[in-house]
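# Analysis of the macromolecular model
The residues making up each chain are set out below.
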Amino acid sequence: MNACLFTAIAAVTRMQTTQSGSGYREFPQTADQCVTLIVFGESLESAQASLEKYLVPPPEGENPIEVKIRSIVAAEFMDKLLTEIGPAHLPWPALVKQMEEECETIAADDFEQGYWVDVDTVVPPEQLAFSIPALQQGIPPDIGTGLNWSADKQFLYVLTVLSPPQPPIQGDDVEPDEESLLEARQLQDLLLMYPQGAEKEAVALIKARNSVVAAWLWRKFVVGNRLATNHIRIDPWCGTLGTPD
């Protein structure tokens, strides 16, 4: 059973009712939404099929919701859990159960976890600290202050390795009758709103005291690897679809 991180951007159309003069009229209203899920499947293809079935519900009622999937990007998780003491076995069933329980009972302090930090800038691949204390001393106080630096308190982070960005599609390149190019231009605009929908090269689950340390662990792990200089982003644990073995 493989674990994959999927991000889908979809256009959802619902019928809305508004009062018009002495009566009412119905009209379709479309809004874009972005969904990120960890999906378990026998393969990347079967996991994506499960996601598409989840995103596009069967029509119900007189005015069913219409869902048009604009894009789906995915990457398989690496098979090791990165920790501060080294790579470890990744126990998916236990982790999923643990995170479901924590999400129901624990109010997370997002600030001390550090999801707000631009780790791609704070932890550049060419200037890696040799230890966690050195890392802490080397970051600006306005970033380091407030983060959790206690090794006794650990969090799970989803680290995504992004593909190199595609060149922007210029307006002059788009002809009104070239629907595919127009959709590509619209998708690029949507990615400004939903950057998590960018193409992915790889994804890792990391256990660390804060997001800065999580990024540092990844940078150390891929030194000399083809992914060493790719841009990264860190997100919290998200929902899951399917059952891990």
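Heads up: these notes are all about the structure in this document. (Residues numbered from 1 in each chain as written. Predicted model: local features only at pLDDT ≥ 70, side-chain atom pairs only at ≥ 80, totals over all residues. Heavy atoms only, no water.)

## Focus: the pattern of salt bridges
Inclusion rule: Put simply, a salt bridge is a Lys or Arg side-chain nitrogen that is within 4 Å of an Asp or Glu carboxyl oxygen. Only DSSP runs of H or I with at least four residues qualify as helices, and only runs of E with at least two residues qualify as strands; both kinds are numbered from the N terminus onward. In this scheme, a residue with accessible area under 20% of its type's maximum is buried, one over 50% is exposed, and one in between is partly exposed, where area comes from a 1.4 Å probe on protein chains only.
The final tally for this structure, using the stated rule, is 6 salt bridges. In this structure, the salt-bridge partner of Arg-219 is Asp-120, at a minimum N-O distance of 2.9 Å. Placement of Arg-219 in helix H8 (residues 211–221) and of Asp-120 in helix H4 (residues 119–122) is noted, with a sequence separation of 99 residues between them. One exposure class covers both Arg-219 and Asp-120, and it is buried. Two residues, Glu-201 and Arg-226, come together in a salt bridge whose shortest N-O distance is 3.4 Å. Linking Glu-201 in strand S6 (residues 200–208) with Arg-226 in the loop between H8 and strand S7 (232–235), this pair joins segments that are 25 residues apart in sequence. On the accessibility criterion, Glu-201 (32% relative accessible area) is partly exposed.

## Remarks on the packing of aromatic side chains
In plain terms, the rule: Two aromatic rings from Phe, Tyr or Trp, using only the six-membered ring of Trp, form a pair when their centres are within 6.5 Å; if the ring planes differ by under 30 degrees the pair is stacked, by over 60 it is edge-to-face, and anything between is tilted.
In this structure the tally under the stated criterion is 7 aromatic pairs. Judged by centre distance (6.1 Å) and plane angle (35°), the ring pair of Trp-218 and Phe-221 falls under tilted. In this pair, Trp-218 and Phe-221 are both assigned in helix H8, 3 residues apart and thus about one turn of the helix distant. Take Trp-218: its relative accessible area is 3%, and that puts it in the buried class. Chaining the aromatic ring pairs together yields one cluster made of Phe-40, Phe-77, Trp-92 and Trp-237.

## Describing helix H1 (residues 44–55)
Keep this limit in mind: For a helix, the expected span equals 1.5 Å multiplied by the residue count minus one. Here the arc refers to the set of directions running from the helix axis out to each C-beta atom.
In this model H1 runs 16 Å from its N-terminal to its C-terminal C-alpha over 12 residues, within 8% of the 16 Å that 1.5 Å per residue would give. Every buried residue of H1 is accounted for by Ala-47, Leu-51 and Leu-55. Buried residues of H1 fall within an arc of 75° about the axis and therefore sit on the same side. In this structure, H1 carries Glu-45 and Lys-53 as exposed residues pointing more than 90 degrees from its buried face.

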